[in-house]
Structure formats: C-alpha cells, structure tokens
Amino acid sequence: MIPILKKFLSLELYTKILIALVVGALFGAIFNVDRHRVQIEYGPDGEVNTADIRNWENITVYAKDREWNFGRSEQDALIRNIERLRPSERRQARIEVTKIDETTGERETRTYEIIRSVESVGTIATAVRPIGTIFIRLLTFIAIPLVISSLIVGATSLSDLTKVATIGAKTIGYYVFTTSIAISIGLIAANLIQPGIRMPEEPRERFIAEYQDDVEARIDEELEVNIIDQIVNMVPTNPLGAMAEGEMLQIVFFGIVFGLILTTIPREKAEPVIKVFEGIMDAMIKLVEFVMKIAPYGVFALIAATVGEFGFDILGTLVWYVMAVILGLLIHMFITYGILLKSLSSMPYIYFFKEIRPVQLIAFSTSSSAATLPVNMRTGEEKMGCSKETTSFILPLGATINMDGTALYQGVAAVFIAQVYGFDLTIAQQLTVVLTATLASIGTAPVPGVGIIMLIIVLRAIGVPEEGVALILGVDRILDMMRTLTNVTGDAAANIIISESEDKRADVENRAM
Ligand code: ASP
C-alpha cells in the first residue's frame, strides 16, 4: 500500500487530480444510493421511530387535504414532496406504504403518522462529501481577497484611465462575441440532432409530473435581466457590502477605481496601502498553492458524492439531449477557442490545452467558475505568461459575465424543450434565443446550478412553457460540470488573447518547451 501511495504523491498535480476523479467516479458508482429504499422518521416527540422501507409498490402521502402517489421508481419525487411541506404540515401528514410480500404474494399496507422526515439512505460515497465541500469553500474564500488585492495592485501600476477603458471595452466586446458564437453552435447542434423529437412520450409525462413543484419553486424566484440595471448595479454603494455579498462586478469596479485613485495621492500615503494589498495578494497566492495540494482529495470526495447520488436511469431517455449539449461544448472549446487563439495570439494550441487541464478538472468537479477563479488566475500568470494587471481584471470579469458553456447549453435546452412540446422555432425566435441567452448567461451567477434557472428567461422570451425545465432537471448536474469547464476555458483563452494584444504576455511556452 505504502509504495503505491508514495508513487501517487510523486505524480504531477494534473495526473493526481485526474486519478482522483476517475477513482471517485468509480467509487460513487459502486456505492450508489439505493433508489428503492427510503427511511421514514415518524412519531410524537420523545417517541421518534425510523422505518426502513425497501421495494415498495406504492407510497401515498396524505397532507394538506391532498394525496400524492409515488410508484417504485419515484424516490426522488417522494423525498422532494416531503421536503416541501412545512414541519407543521409534515406532522399532520400520513404516509401509507403498500408492499407485495415476496413469498405469499399478498398485498400489505402500513401507515405512518406524525412524519418528521423521509430520506434516502446515504452510502460511504455520499458520506465523504464534507471533504469536498471544505475544498470548494477554501477556494471560494480565496477568490474575493485575491481579486480585490490583485486588482488594486494591478491598477496602481496601470495609472492610465484610457488604458483601463480600452482593455475594458475590448474584454467585454470579446466576451459578448464568443458567447454569441457559443449559442449559435448550440442552436445548430440542437437543430441537427433534434433531441426533442427523439424523446419518448412516457418519460416526458413522468418527468413533468415529477419535477413540476420543483420548477414552480424556481419560477417564483425573481428573474429579470436588464442591461441598464446591470450596468447601474456595477457601481457599489458600499464596497465592504460588495465584498461581503461576493458581488464580483462591484468588486472589480471598486478595485480599479481605488487602485487608480491611489496613484493620484501623495506617494508616501499611497505606498503603505499598496504594500498592504501586495501582502494580501502574496498570501492568497500562497494559499492557492496549499489548497491545490489537497485538490485531489477534494475532487475525489466531490465526484464520489455526486456520482453516488446520481440516478443513472434518467440518462437513457435524455441521451440525445445530453449528447447535443456535450458535442456543442466540445466543438466550441476545441474549434472556436482553437481558431481564436491561433489567429489572435501566438499561444500554441497543444500547450494551451495541456496547461489548462488542472483548471478544467477543478471547474468540472466544483461546477463553480467562482471557486475555480483562484486556480485559473494562478495558471494564467504562471503557465500562460499573462501579466498580473491584465489577469486580475480579465479573469474575475470573465468568471462573472463570460459563460459560453452556459449560453450554449441554454440554446440547446431551449430548442430541446420547444421540440418536445411540438413548437417549431422560427428564425426570429432563434435569434431571440441568441439575444436572451447572451443576457441570461451574463446574469448567471458563477456558482452551481444557476444556468438552469436563467434558462427560464429564455423560454419566456420565445413563449415555450416554462415547466419544460422539468424535463432536463434530472441531468442538470452533469451538464453543469461540463458547461462550467467550458466557461473557465473561455476566460483563460480571453486572458491570453487580450493580454497579448496589450503586450502584457510573456512568451512562457517557448521557455517551457
Ligand atoms: N455553474 C456554472 C458556473 O459556475 C453556472 C451555470 O451554468 O450554472 O460557471
């Protein structure tokens, strides 16, 4: 055992993370949560009991003067149904479980009252999740101090407002451009593959019934994207509030303004402030280095828990949809970014995709561009040769507004849902998808699972039923991983191209080769 461990520890970081990912996925698949088993906690205070239920024929929940029925394979829907009841409603609820006795073949029914919870039974794969959560939390906590300090330090060395404005305009223009290409690729893939037409009738109705309440809860959230509001919101009323809330665009705005202003006050006053932020920045970079040492264990835990909880059955019916999204993402990543890097920078294709791999693996396992930001910044400076000033501006901005993967996914999902409902989207409607998905992806927060909420805006704009989101909720986690990976790759490519156009990139690749 020990020699294997030694060998593992001596491997390159990327290889370690990759091994962790594969082993984590296998581990999760082996210790998959049993889909035909739930534990019901019930009974009055002081007398709480737990019933372990397996292989039920039917479970009926009576609550709020209504009844809901759940068949054999509807564990997920059952658990969500109970979670949505208030504790007081749960206590008044009754659950009837019907089973068929295997030996006698007789039907038996048991009733449980005063319900406290209904849960699936975790396995060792889901039990390791806290390790993964600590890993994500560490990365997320580094992000804000790192961004703010490196922006301030970077801006003090720029000291030229017109320069900042040009880089800003260039970056935003580039981001909007690549995002619209991404959606177009998504639309083409969905129109060619036609995943919605290939979906059978039966699962379609089942998914809609199963996820309906969930979707309603999401639709209730306030959803609005408005360009003017977004620009106005970039200006923080309270910089500390912006940091506390993790409002990345406001933080970027504050960092630049503060850094530039520092250069206009007397040097002896500015100097100590800059030194403090330099110190914070160095400490945060050191912390990234440390956190990356535990990355393989974090990645293992995250993937094991995710795969352990995932119901694979759903993949079968949605395979064409999942394939259309993944195909689109791969084309955008390897072809669009490849062409852009080749024509707008001197970065060799192979070098880029080799050095970006650890960043991609972190994005894939955390599903969060924000958590991946510190690693992306470090790679941008150390491996891609981009300057601190440009990296600390382009990447945080990109993590917040540039989500090519999310936009592409929204394009495919919108067409897919429209196809399932029998809508034929006109060219004008598809153009509306390009426009709204660009805005929706800009408004998507860089954390797991937000892309699907913003998809509702796109559906609304083209008049496709919002409940359609229910069809794709079950596979969203996997696609979230893939689209986040694409999102961060897009940011990294933008950093190289824009830094180089500003003469802010060193030729590290040739030195490394
Ligand atoms: N998880 C994505 C990200 O952080 C956002 C999304 O599409 O849900 O980049």
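Whatever comes next refers back to the structure up there.
(A) The sheet that holds strand E2 (residues 49-54), seen in detail. Ordered by their spatial adjacency, 3 strands build an open sheet running E2-E1-E7, and the pairing between neighbours is antiparallel. This sheet does not close on itself; its edge strands, each paired only once, are E2 and strand E7 (115-119). The average angle at which neighbouring strand axes cross in this sheet is 20°, direction not considered. Pairing between strand E1 (residues 37-42) and E7: 4 bridges, direction antiparallel. Bridged to Ile 40 within E7 is Val 118.

(B) Region of interest: the environment of Arg 357. With respect to the element layout, Arg 357 can be found in helix H17 (residues 357-366). Taking C-alpha positions, Arg 357 is 9.6 Å from Thr 15, a pair spaced 342 residues apart along the chain.

(C) Up close: the site of the ligand. Taken together, 17 residues surround the ligand, and among them Ser 369, Thr 406, Gly 451, Asp 480 and Arg 483 come closest. In the environment of the ligand, an oxygen atom lies 2.7 Å from a nitrogen or oxygen atom belonging to the side chain of Thr 406. With the chains in place, 100% of the 270 Å² that the ligand exposes on its own is no longer accessible. Take the shell around the ligand: its biggest share by element is 4 residues, from helix H24 (residues 476-501). Per-class residue counts for the shell around the ligand are 6 nonpolar, 9 polar and 2 charged.

Criteria and cut-off values
- Residues numbered from 1 in each chain as written.
- Predicted model: local features only at pLDDT ≥ 70, side-chain atom pairs only at ≥ 80, totals over all residues.
- Heavy atoms only, no water.
- Pairing = 2+ DSSP bridges.
- Helix = DSSP H or I, 4+ residues; strand = E, 2+ residues; numbered from the N terminus.
- Axes fitted to C-alpha atoms, helices over the stretch in contact; angles between N-to-C directions.
- Near = heavy atom within 4 Å.
- Polar contact = N/O pair within 3.5 Å; in protein donor to acceptor, adjacent residues only side chain to side chain.
- Areas by Shrake-Rupley, 256 points an atom, 1.4 Å probe, with all protein chains shown as cover.
- Nonpolar A, V, L, I, M, F, W, Y, C, P; charged D, E, K, R; others polar.

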